[in-house]
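A closer look at the structure
Spelled out, the chains give:
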Amino acid sequence: MRFQRETFNPQEHQIQDVQLSGSNAKDLVPVTPSDSVNLAGGDTIGLYVGGAGNVSVVMANGQSRTITALSAGIIHPISVKRVNATGTTATSIMAVYAV
């Protein structure tokens, strides 16, 4: 079996619209966790967690997930449509929006 080495040509792989981390955040909205009501602003581009803990969410694609041990003071790049009350132990959660 033979392997070919691919040569990287920077002219063919130009990166456009490079943004610094967090530079596309336009608004932060306090979240009231709910097991039935989606976030009023729609899908997020991230969640800010003020107090560390677990966050139970409905992802933008509709899948339910519990994200454990999220650190405090960080914008986590998670696209969600809902933050559930049941299973969420993190506090001071804010939805991060691009628009």
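Look above for the structure.
Residues numbered from 1 in each chain as written. Predicted model: local features only at pLDDT ≥ 70, side-chain atom pairs only at ≥ 80, totals over all residues. Heavy atoms only, no water.

1. Quick look at the nonpolar core
The nonpolar side chains of soluble globular proteins are, as a tendency, buried together. Note the threshold: Nonpolar core, defined: a set of buried Ala, Val, Leu, Ile, Met, Phe, Trp, Tyr and Cys residues in which side-chain atoms within 4.5 Å join the residues together. Accessible area is worked out with a 1.4 Å probe on protein chains only. A residue is then buried under 20% of its type maximum, exposed over 50%, and partly exposed in between. A run of H or I in DSSP becomes a helix once it reaches four residues, and a run of E becomes a strand once it reaches two; helices and strands are each numbered from the N terminus. Here a residue-residue contact requires only that any non-hydrogen atoms of the pair lie within 4.5 Å.
Within the largest apolar cluster, 14 residues are counted, with the highest numbers of intra-cluster contacts made by Leu-47, Val-55, Val-80, Val-83 and Ile-93. Secondary structure elements with two or more residues in this core: β2 (46-51), β3 (53-59), β6 (80-84) and β7 (91-97). Sequence-distant contacts of Val-55, that is, excluding residues within four places in its chain, are made with Leu-47, Val-49, Arg-65, Thr-66, Ile-67, Leu-70, Val-83, Thr-88, Ala-90 and Ile-93.

2. Overview of the sheet that holds β2
Put simply, the rule reads: By this definition, two strands are paired if DSSP reports at least two bridges between them. Fitted lines through C-alpha atoms serve as axes, helices being fitted only where they are in contact, and the angles separating the N-to-C directions of these axes extend from 0 to 180 degrees.
One open sheet holds the four strands; their spatial order is β1-β7-β2-β5, and the pairing between them is antiparallel. Each having just a single partner strand, β1 (27-30) and β5 (74-76) make up the two edges of the open sheet. Pairs of neighbouring strands in the sheet enclose a mean axial angle of 30 degrees, with direction left out of account. Note: β2 against β7, five bridges, orientation antiparallel. Paired with Val-49 across the bridge in β7 is Ile-93.

3. Notes on the side chain of Ser-34
Along the chain, Ser-34 turns up in the loop between β1 and β2. Its relative accessible area of 15% is what places Ser-34 among the buried residues. Beyond its immediate sequence surroundings of up to four residues, Ser-34 is in contact with Arg-82, Val-83, Asn-84 and Ala-85.

4. What to know about unusual backbone geometry
In this structure, Ala-69 is a non-glycine residue whose phi angle is positive, near 55 degrees. Structurally, the position occupied by Ala-69 is in strand β4 (residues 64-70). You can call Ala-69 exposed: its relative accessible area is 60%. Within the chain, Ser-92 stands out as a residue other than glycine whose phi angle is a positive 50 degrees. Take Ser-92: it is sitting in strand β7.

5. Topic: the pairing of β6
Taken across its five residues, β6 has four buried, putting it largely inside the fold. Where β3 and β6 come together, four bridges link them in antiparallel fashion. When the sheet's bridge partners are listed, Ser-56 is paired in β6 with Asn-84.

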